[in-house]
Amino acid sequence: MTARPQLPDRAPRTKGAPTALDGLLVVDFTRVVAGPACTQTLADFGAEVIKIENPDGGDDTRHYEHADLAGESAAFVSLNRNKRGIALDLTKPEGCEVARELIARADVVVENFSSGVMKKYGIDYASVAPGNPRLVYCSISAYGRQGPFASRPGFDPITQAESGFMSLNGFPDGPPVRTGPPAVDLLTGMSACNAILLALFARDRLGRGQHVEVALFDTAVAMTQFYGMAYLMTGVNPSRQGNSPNGSPSVGVYEASDAPFYIACANDRLYRRLVIEVLGRADLASGEFGDRRSRTANKEKLRAILTGIFVQDLRENWVAKMKTANIPVGFLRTVEEAFNSPEVRERHRVSRISHPAAGSVPNIEPPINLALTPVVDPVAAPLLGEHTKEVLRKTLGYDDARIAALSEAGVFGMVRTTADV
């Protein structure tokens, strides 16, 4: 059995440092990937995020199969750091009332239910905005909340397929390939976070909140980027190019004698450095290979020459020579190799943090660094319903009698909540 990698304890943040979103209350109705990725970023930078889950199983990612520690899946742990979790059955009128009271106090609501669900429970934007006009309400969906596709369910790979994005991934002689990690979900979550922060900035100037929307399909279309723009400009349908954009022979994966690496000599200046300073082949810098257009026209011949040269030495040696010549190059790593690399370890990208059931869980740092308002000290994703009573007492001011009545009414399901914190 493969041993878990050894991780350092996470170094605490500077004592007394402020947070970017201190005092911001976020009520989080999201689950799976895009929504939780959005709210985790808000939580990382100091917002109080209250994650509301169905007591019957909670967020679907709790049960994903990638890996788990003490019953907490890798997917859930990776997307729900720094949140306080409560279990609330919205099919109970009392549960909806608790949700409405939380929303009335909130700065931000984020939801990614299917179309019509929030309205059914009376907690859609139109229903709650009159009582909280400064509320920023973010809806995340597959195809938007309006129009003929609003009711269609959709997930990351579906929108990758339908947007044309998937058709750009893979090799010319193979089928389209979806990305491994859910790229559309994750970028949609980032876009939702941006939309919320923009709306909060506008609220400071205009004095009121607003409804903001982000759709996976719209994100996927935007991710076609210059390929999509090129089609609109020329009418030519772009094709898959594998690891080399436009088939460039000086950009892509090459095999050394022992392992693969990736080079990116995308312009004439970098290419000349490669063939003259690293390979000692000045003949490859002129004639049929002298400029980018010529190299593209003769790409198969040049690729064969480069392949024959690179296989003659070790990867470590080639990479060292290219770094000395200031050529963009990198090891083609597995996940195991990447997470044990000096770039990850010396940049303190991974650590371990305490967890109430597993003892500790791995932590991957947010990819954002703010000097004055750094991320908060990370707290592991909550157990299902872990903070229900704490939130009801501290945020809503409920007494024990009211909490007991809600429990008796089945609002918390069969989840065991933290009694006293």
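All values reported here derive from a predicted model rather than from experimental measurement. (Residues numbered from 1 in each chain as written. Predicted model: local features only at pLDDT ≥ 70, side-chain atom pairs only at ≥ 80, totals over all residues. Heavy atoms only, no water.)

A. Spatial organisation of the sheet that holds strand S8 (residues 211–215). Ordered in space as S5-S2-S1-S6-S7-S8, the six strands form an open sheet in which the pairing is parallel. On the outer flanks of this sheet lie strand S5 (83–87) and S8, each paired with one strand and no other. Direction aside, the axes of adjacent strands within the sheet are offset by 20° on average. The pairing of strand S2 (residues 48–53) with S5 spans five bridges and is parallel. For Lys 51, the partnering residue across the bridge sits in S5 and is Gly 85. (Pairing = 2+ DSSP bridges. Helix = DSSP H or I, 4+ residues; strand = E, 2+ residues; numbered from the N terminus. Axes fitted to C-alpha atoms, helices over the stretch in contact; angles between N-to-C directions.)

B. The arrangement of the packing of aromatic side chains in detail. Within the structure shown, the criterion is met by six aromatic pairs. Within the aromatic cluster, the residues linked to one another by ring pairs are Tyr 254, Phe 261, Phe 310 and Trp 318. Cation over ring: Arg 152 sits above Tyr 143, and NZ or CZ is 4.5 Å from the ring centre. A cation sits over an aromatic face here: Arg 402 above Tyr 398, 3.9 Å from the ring centre. (Phe/Tyr/Trp six-rings, centres within 6.5 Å; stacked < 30°, edge-to-face > 60°. Lys NZ or Arg CZ within 6 Å of the ring centre and 35° of its normal.)

C. Just the environment of Glu 300, in detail. Here Glu 300 shows up in helix H12 (residues 299–310). On the basis of relative accessibility, which here comes to 57%, the residue Glu 300 falls in the exposed class. Considering only alpha carbons, one finds Glu 300 and Ser 248, 52 residues apart in sequence, at a separation of 9.4 Å. (Buried < 20%, exposed > 50% of the residue type's maximum accessible area, 1.4 Å probe, protein only.)

D. Examining the pairing of strand S12 (residues 350–355) more closely. Note that S12 and strand S13 (residues 359–364) share six bridges and pair antiparallel. Each bridged residue has a counterpart across the sheet, and for Arg 352 the counterpart in S13 is Pro 362. Connecting the antiparallel pair S12 and S13 is a turn made up of three residues.

E. Highlighting the pattern of salt bridges. Under the criterion given, the structure shown has 21 salt bridges. A salt bridge links Arg 10 to Asp 377, with the shortest nitrogen-to-oxygen separation between them at 3.3 Å. Of this pair, Arg 10 sits in the segment before strand S1 (25–28) while Asp 377 is found in the loop between S13 and helix H16 (388–394), placing the two residues 367 residues apart along the sequence. The salt bridge partner of Arg 281 is Asp 283, with a shortest N-O separation of 2.9 Å. Exposure remark for Arg 281: the relative accessible area of 28% places this residue in the partly exposed category. Among the residues examined, Asp 283 registers a relative accessible area of 45% and is labelled partly exposed. Residues participating in the shared-partner salt-bridge network are Arg 10, Glu 365 and Asp 377. (Salt bridge = Lys/Arg side-chain N within 4 Å of Asp/Glu carboxyl O.)

F. Structural detail: the sheet that holds strand S11 (residues 329–331). What the three strands build is an open sheet, ordered S9-S10-S11; its pairing is antiparallel. Only two strands of the sheet have a single neighbouring strand rather than two, namely strand S9 (251–255) and S11. Within this sheet the neighbouring strands show an average axis-to-axis angle of 25°, counted without direction. As judged from the five bridges shared by S9 and strand S10 (residues 260–264), these two strands associate in the antiparallel manner. Considered in S10, the bridge of Tyr 254 is made with Phe 261. In this fold H12 packs onto S9 and S10, with an angle of close to 40° to the strand it touches most, S9. (Contact = heavy atoms within 4.5 Å.)

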